[in-house]
Structure formats: C-alpha cells, structure tokens
Amino acid sequence: MDRRVTTTDVRRRIPRTDAVLGDPRLIEAAHRLGSGAVKAAVRQAQERARAGAVAPDEVADTAVALLPRTAGGLRPVINATGVVLHTNLGRASLSAAARRAVREAAGPTDVELDLRTGVRARRGRTALAALRERVPSAAAAHVVNNGAAALVLVATALAATKEIVISRGEMVEIGDGFRLPDLLVSTGARLREVGTTNRTSVADYAAAIGPGTAFVLKVHPSNFRVTGFTRAAGTGELAALGVPVVVDIGSGLLAPHPLLRDEPDAETRLRAGASLVTASGDKLLGGPQCGLLLGREELVRTVSRHPLARALRVDKLTLAALEATLTGPETPTAVALAADRAGLRHRAERLAAALAADGIDVRPVESAASVGGGGAPGVTLPSAALSLPERYAEALRTGPVPVVGRLEAGRCLLDLRAVPREDDERLAEAVRSVSGPAAMDPAAGG
C-alpha cells in the first residue's frame, strides 16, 4: 500500500508537457529540430519518469539528452572498416571545401541565372567548366545524378531501337542484383554480345558492327578480375572501327593514379579515341554522388538535350560539391589512398597505448585495407588497426559516436586507413565510451 502511494506521488510530481517544453534548451531545440522531435523526446523522458528510471525533476534534462543530433535520420559514423569507399557508408567523404560549398548553396543561388545580364544561363556552367579543365581531352561534359544514370541516358539518347555491341566478358553485375544488361535493355536498346567470357578480340567487334549499330560499349569490370588466358580489345583498336565508342570506367578516376595502375581513367581513354566516357563522381574522384559524361561535343549535346536528361539532372547542392571537389584541396579519398604505412602504424601504436592505459584490451596490428566502391579490385593498401575483443563491434556501432569496424580472426579491427587523423581522439573516446567492466574483463570472451 505504501509503495502504491509513493508511486502515485512520484507520478503526480512529473511535470506537464507544456511546462517541460518551456525549458529554454528545448525552445531552442524546437527551432533547430522542429517541435515534433522535441515533443517526442519529452514524452520519452516522461515515460522514463513514470517507470521510475529517472526522477521527476530530471525530465527536462533527460529530454535534452534524448534529442536527435539533427532533424534528419542519417547518423555520421567513423569508417574504420579499412574500405576507403564503402558503399554502405555513402562512399566518398566530401572535402571541407565541398562541405562549405554545399552550405553556401543551400539558399538561393545563381544556378541557372546570369547575374550580369539577368537572363537564364546554363545550369551548372562553372562546375562543368571545372570538369573539362580537369579532363582536357573532353570537348564537352554533362552531369547526372549517378553513374548508372549516365549510362542509361547515353543508351536512351543514342541507342533506343538500335544495337549496342558489347563483350560477353563485360556483361557485369555490380552488386545487390543490379545487372548491366538489364539496365541497357530497359532503354529500348538491343544488345549484341561478342567474344567469350575471357577473350574478345577487335575482330569480334568488327564482325558484329552493322547498319543498326549505335555504338560499341566498353565496360570496366571494376569489382572483379579475370586472369590467365585472356584478351580484350583496347579503346584505340575499337575507335578505328568507325562507330562511336562509349567507355564506362566506373570508378571516376579522371587521370592516371600512381597507386592504381590498372584502373582506367577518363583522360587516357578519351585520348585513345573514346567518343564518350561515363563515370561516377562519388568514388575515386572523392566527390558527391553523380554521374559524369565526358567526350565529343556533338554527342554530349545530343545526350544532354534528350528529355530524359531533365529527370536525371543534379541539384544545386551536388553541383556546388562537385565543383569544390574539382577545384579545391585534396579530398579525404585522396588523403586516405596516399596515407603512409609508417604513419598509420604510429597512429595505431599511440592510440593503443593510450587506451591500454585505461585498462582496455587493445593492441596495434598490421592490416590490409582496400579501395572499395567497385574500384581497383585486387589492390591491397597496407594499413594499421586497433585490435579489440569481438564484442566491441556491436557496441561501437550502436554507441554514442557510431564506429564501424570489421571482424577478423575473432577480433574487432578498427582500421585507420579511412579514418582522418583529426578523428583519432573521437575514435579513442568512442572506444572508451563502450568499455564498461564487462568489456574489459578478459574472461567475458573475445
């Protein structure tokens, strides 16, 4: 009986919703996050008070602690997987310059207006100029909302009801059941397959070309490698056949990269005679998600004026981020690719020593990172990592600062290749925040 009275008294002391919402911190949060998110946090705090988890006078503080970081549902994470361009984590991280450009473009901009004359101007003209400057062999450029869209637009504008000649070895699936042949056929084009899985010569292409041929398509098999008894026709050989050659390089490398010698780039392919090159902007370029089209002026004009181009166009935020990526300083992707092995090892040793001093079961280990994003298959990037008990993997993913690592040989590895140096302390604090007594007890497993 006494307990029921006490419980009733506690519930009566729980502050009303309007009283809690009057807290200055929650008033400010309503302007930042919206009233719905704030009210939801207050209701959760009140429920905790009713359950006895928090005291009635702690409801406002609890509601503030429960507020989401932003009005959106996406949570920023630390990518400690060792995959530089992790598709599930959004691929390329934008540079500081690109992030600033996005903030500046969030309000009204001159995206389609010439401020000098006051008349309409070409959308994204400065971003397209920056793209052409980075790829001198491209007479023209166009940007759509992703790499697959670039190829769809080219096939629709140039090959609807016509034939696309393609090697059987390049009829690829790029993940999650997404198959290139299905994409191309959906545009109304017909596919003319030539050669075999492992060998396709220029003679195979030549024999297939006819009056109904729209173009020859070369697709870089970016997420796998075929080795051994192989043969593939080069771009220059195909360009001599007298029909347009479209090359999908996939990963968005604009010029040769010393670490990625087998990865095709736009400049080299255009110089070799490609009529059009398509690529992604959020992979090795290190920019926002978008699809790049580069090549002959008349073909780019035809493609960009097709009605479908309107449906696939990018917004002002993407254009701003793309231009800043092209003209600004090194991107996080470039920095991660070029990271020095000795420097990574030193960071891992320093972080491990600091965490071990707090009683955490951690040690620095050598690691093998990868490019990811369907780029540079087979390329291993020497790296260094923090090795923790396996149970840390879930705790870190769901912690206050989500950290995504990988499991290897029964340990949770936090690879530093894709972690910016300036995030080292955030990473250490994230580990500390989930290192309770159970996590530090070796007898608990891992």
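Remember, it's a predicted structure, so these values are computed and weren't measured experimentally.

A word on the overall build of the protein chain. The helix and strand inventory of the protein chain stands at 20 helices and 18 strands. Its C-alpha atoms give the protein chain principal-axis dimensions of about 95 × 60 × 40 Å. Across the 446 residues in the protein chain, those meeting the buried criterion constitute 44%. Counting only contacts in the protein chain whose residues sit at least 6 apart along the sequence, the fraction spanning at least 24 positions is 73%. For the protein chain, the exposed area adds up to about 22100 Å²; of that, 52% sits on carbon and sulfur atoms.

Compared with the 22 Å implied by 1.5 Å per residue over 16 residues, the 22 Å span of helix α4 (residues 35–50) between its first and last C-alpha is a close match. Just downstream of α4 lies G52, where phi reads positive at about 85°.

Sheet strands pair by backbone hydrogen bonding; their relative direction is either parallel or antiparallel. Read from one edge of the open sheet, seven strands run β3-β13-β12-β11-β9-β4-β7, paired in mixed fashion. Strands with a single pairing partner mark the edges of an open sheet, and in this sheet they are β3 (140–144) and β7 (190–194). Strand-to-strand twist in this sheet, taken as the mean axis angle between neighbours without regard to direction, amounts to 25°. The pairing of strand β9 (residues 213–219) with strand β11 (residues 245–250) spans four bridges and is classified as parallel. Note on β11: the bridge partner recorded for V216 is V245. In the packing of helix α13 (residues 297–304) onto the sheet, contacts are made with β3, β12 (276–280) and β13 (291–295), and the angle to β3 comes to roughly 25°.

Our next topic: the side chain of S387. Checked against the element boundaries, S387 lands in strand β15 (residues 381–389). For S387, a relative accessible area of 2% corresponds to the buried category. If we skip the residues at most four places from it in the chain, S387 touches D361, V362, R363, V365, R411, C412 and L413.

So, about the UniProt feature "modified residue: N6-(pyridoxal phosphate)lysine" (unreviewed entry) in the protein chain. UniProt records the feature "modified residue: N6-(pyridoxal phosphate)lysine" (unreviewed entry) at K283, using the numbering of this structure. One can find K283 in the loop between β12 and β13. Residues within four places of K283 in sequence aside, it is in contact with L85, R91, A92, G250, S251, T333 and G373.

Across the sheet, which stays open at both edges, the five strands sit in the order β2-β14-β15-β18-β17 with mixed pairing between neighbours. Each edge of the open sheet carries a strand with a single partner, namely β2 (83–85) and β17 (406–408). Along the sheet, successive strands turn relative to each other by an average axial angle of 45°, direction set aside. Relative to strand β14 (residues 363–372), β2 runs parallel, the two sharing two bridges.

This part takes up the packing of helix α3 (residues 24–33) against α4. Contact geometry for α3 and α4: axes closest at 7 Å, N-to-C directions at 135°. Put simply, α3 runs oblique to α4. Contacts between α3 and α4 pair L26, A29, A30 and L33 from the former with S35, A37, V38 and V42 from the latter. A class-by-class count of the residues in the contact of α3 with α4 yields seven nonpolar, one polar and no charged.

Buried together is how nonpolar side chains tend to be arranged in soluble globular proteins. Counting residues in hydrophobic clusters, the biggest one holds 33 residues, and the most contacted among them are L131, V143, L254, L292 and L294. Elements with a minimum of two residues in this core: α7 (125–134), β3, α10 (202–208), β11, α12 (266–271), β12, β13 and α15 (316–327). For this core, the element with the most residues is α7, which contributes four residues. Dropping the residues within four chain positions of it, V143 is found in contact with L128, L131, C290, G291, L292, V314 and L322. Listed in part, the 30 residues of the second largest apolar core include L158, I164, F215 and V303.

What follows deals with the pairing of strand β4 (residues 163–167). Within β4, five of the five residues are buried, which leaves the element mostly enclosed by the surrounding structure. Residues of β4 alternate between two faces, with E163, V165 and S167 on one and I164 and I166 on the opposite face, all of them buried.

Here the focus is the pattern of salt bridges. Per the counting criterion, the structure on display carries 27 salt bridges. A salt bridge links E193 to R168; its shortest N-O distance comes to 3.5 Å. One end of the pair, E193, is in strand β7; the other, R168, is in the loop between β4 and β5 (173–175), and 25 residues separate them in sequence. Among the residues examined, E193 registers a relative accessible area of 37% and is labelled partly exposed. A salt bridge links E170 to K218, with the nearest nitrogen and oxygen atoms 3.0 Å apart. Taken together, the residues span a long stretch of sequence, with E170 in the loop between β4 and β5 and K218 in strand β9 at a distance of 48 residues. Considered together, E170 and K218 belong to a single accessibility category, that of buried residues. Connected through salt bridges with shared partners, the residues E112, R120, R123 and R313 form a single ionic network.

Cut-off values and rules
Residues numbered from 1 in each chain as written. Predicted model: local features only at pLDDT ≥ 70, side-chain atom pairs only at ≥ 80, totals over all residues. Heavy atoms only, no water. Helix = DSSP H or I, 4+ residues; strand = E, 2+ residues; numbered from the N terminus. Buried < 20%, exposed > 50% of the residue type's maximum accessible area, 1.4 Å probe, protein only. Contact = heavy atoms within 4.5 Å. Areas by Shrake-Rupley, 256 points an atom, 1.4 Å probe, with all protein chains shown as cover. Expected span 1.5 Å × (residues − 1). Pairing = 2+ DSSP bridges. Axes fitted to C-alpha atoms, helices over the stretch in contact; angles between N-to-C directions. UniProt positions renumbered as here; feature names shortened; annotations may be inferred. Parallel < 35°, antiparallel > 145°, perpendicular 65-115°, else oblique. Nonpolar A, V, L, I, M, F, W, Y, C, P; charged D, E, K, R; others polar. Core = buried A, V, L, I, M, F, W, Y, C linked by side-chain atoms within 4.5 Å. Salt bridge = Lys/Arg side-chain N within 4 Å of Asp/Glu carboxyl O.

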